[in-house]
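An overview of the molecular structure
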Amino acid sequence: MCHGVVCVGSAQGLLPWMLENRGAVVPLGDVEALAAAIAEVASDPERYGQLSRNAAQWAQRYSLEGLRYALRVLLSEAWNIPLRDSAAETREAATVPAR
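Conventions and cut-offs
- Residues numbered from 1 in each chain as written.
- Predicted model: local features only at pLDDT ≥ 70, side-chain atom pairs only at ≥ 80, totals over all residues.
- Heavy atoms only, no water.
- pLDDT = per-residue confidence, 0-100.
- Contact = heavy atoms within 4.5 Å.
- Helix = DSSP H or I, 4+ residues; strand = E, 2+ residues; numbered from the N terminus.
- Patch = residues over 30% accessible without salt bridge, like charges linked within 9 Å, V, L, I, M, F, W, Y side chains within 5 Å.
- Areas by Shrake-Rupley, 256 points an atom, 1.4 Å probe, with all protein chains shown as cover.
- Salt bridge = Lys/Arg side-chain N within 4 Å of Asp/Glu carboxyl O.
- Buried < 20%, exposed > 50% of the residue type's maximum accessible area, 1.4 Å probe, protein only.
- Polar contact = N/O pair within 3.5 Å; in protein donor to acceptor, adjacent residues only side chain to side chain.

Attention now moves to the confidence of the model for the protein chain. On average, residues of the protein chain score 84 in pLDDT, and 86% of them are at 70 or above. Across residues 89–99 the pLDDT falls below 50, and counting only partners more than four positions away or on other chains, this stretch makes 2 contacts in the model.

For Pro82, the location among the structural elements is in the loop between helix 4 (64–78) and helix 5 (86–95). Considered as a pair, Pro82 and Arg72 are 10 residues apart in the sequence and their alpha carbons are 9.6 Å apart.

Moving on to a nonpolar patch on the surface. Among the surface-exposed residues, Leu64, Leu67, Leu71, Leu74, Trp79, Ile81 and Leu83 lie close enough to one another that they form a single nonpolar patch of about 660 Å² accessible area. Here Ile81 lies in the loop between helix 4 and helix 5. In this structure Ile81 comes out as partly exposed when scored by relative accessible area, which is 34%.

Now for the pattern of salt bridges. Tallied over the entire structure, the rule returns 1 salt bridge. One salt bridge in this structure joins Arg47 and Glu40, with 3.1 Å as the shortest N-O distance.

What follows deals with the side chain of Arg22. Examined against the element boundaries, Arg22 turns out to sit in the loop between helix 1 (15–19) and strand 2 (23–26). Here Met18 takes part through its backbone oxygen, which lies 2.7 Å from a polar atom of the side chain of Arg22. The residues contacting Arg22, other than those within four sequence positions of it, are Met1, Val6, Cys7, Trp17, Leu51, Asn54, Ala55 and Trp58.

By the element assignment, Glu40 lies in helix 2 (residues 31–43). Relative accessible area serves as the criterion here: at 45%, Glu40 is assigned to the partly exposed category. Each C-alpha atom of the pair Glu40 and Ala24 lies 9.5 Å from the other, and the pair is 16 residues apart in sequence. Engagement of the side chain of Glu40 in a polar contact is seen with the side chain of Arg47, the distance being 3.1 Å.

This is the structure:
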């Protein structure tokens, strides 16, 4: 999605939320609906372009660094799990001589 790929997925889990105005959602196991959704998106360049732009814009808000930060906040603040300073770990790893 971060490259503007329009996804078509099953209406299960978080996919309906992820694909809202960014792709197409079909009922789980409905092969005919899947084929129809793909054909519909592929046959309408204007709609494809809008979904593609929406998908890229939405997906680019997420990154591994953002996920790492969100997990650290969840673990340390919400669940009160003490964590080591990742910046200190990075500095420490950088000073260890190669073997």
